[in-house]
Amino acid sequence: MTTLISTPRPTEREGSASEVLRLDAISDHEWRVIDTRYSEHDASCVVGFVEALGSEYEALVIGRGCERRRFSSLLDATGFISRSLGNAVDPVL
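For the structure given in this document, a descriptive report is provided here.

Calculation notes
- Here the residue numbering is sequential within each chain, running from 1 through the sequence in written order.
- The predicted origin of the model limits local features to residues at a pLDDT of at least 70 and limits the giving and counting of side-chain atom pairs to 80 or more, whereas totals for whole chains, interfaces and linings rest on all residues.
- Each side-chain value is worked out from all heavy atoms of the structure, with water and hydrogens disregarded.
- Elements are defined by DSSP. Helices are runs of H or I of four residues or more, strands are runs of E of two residues or more, and each kind is numbered from the N terminus.
- Only protein chains enter the accessibility calculation, which uses a 1.4 Å probe; a residue whose area is less than 20% of its type maximum is buried, one above 50% is exposed, and one in between is partly exposed.
- Throughout, a contact is declared for two residues whenever any of their heavy atoms are within 4.5 Å.
- Exposure was quantified through the Shrake-Rupley algorithm and a 1.4 Å probe, taking into account, for residues, occlusion by the shown protein chains and nothing else.
- Polar contacts, as used here, are pairs of N or O atoms within 3.5 Å; protein pairs need one atom able to donate a hydrogen and one able to accept it. Residues neighboring in sequence count only if both atoms are side-chain atoms.

## A few points about the overall build of the protein
Okay, step 1: Scanning the protein for helices and strands turns up one helix and six strands.
Okay, step 2: When each of the 93 residues of the protein is scored for burial, the buried share is 37%.
Okay, step 3: In the protein, the share of contacts with a sequence separation of at least 24, taken over all contacts with a separation of at least 6, comes to 24%.
Okay, step 4: Surface exposure of the protein reaches about 5600 Å², of which carbon and sulfur atoms provide 48%.

## A word on the environment of Asp 35
Okay, step 1: Checked against the element boundaries, Asp 35 lands in strand S3 (residues 30–35).
Okay, step 2: Overall, the relative accessible area of 3% leaves Asp 35 in the buried class.
Okay, step 3: Ignoring anything within four residues of it in the chain, the contact list for Asp 35 reads Val 20, Leu 21, Cys 45 and Val 47.
Okay, step 4: In this structure the side chain of Asp 35 is engaged in a polar contact, spanning 2.5 Å, whose partner is the side chain of Arg 37.

Pasting the structure below:
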């Protein structure tokens, strides 16, 4: 299952009218967070992971170091990843 998270805010990347993060299900409780502004063949497109742990969701941001936090919803976890990347994304699941 793939979920898109988008915002109408313009990006700095050429040819892109909006920032879009995509959640790709790895399992029934784990998701890879993809920045679709990068080629899916570029390792830089993977910007984080989210894992359901009981009633919480653990978000792991990767890139310039790693940061991990827990949230009560998938929406909040993906919003954290977006904000950590400097994106003003209002996640829509």
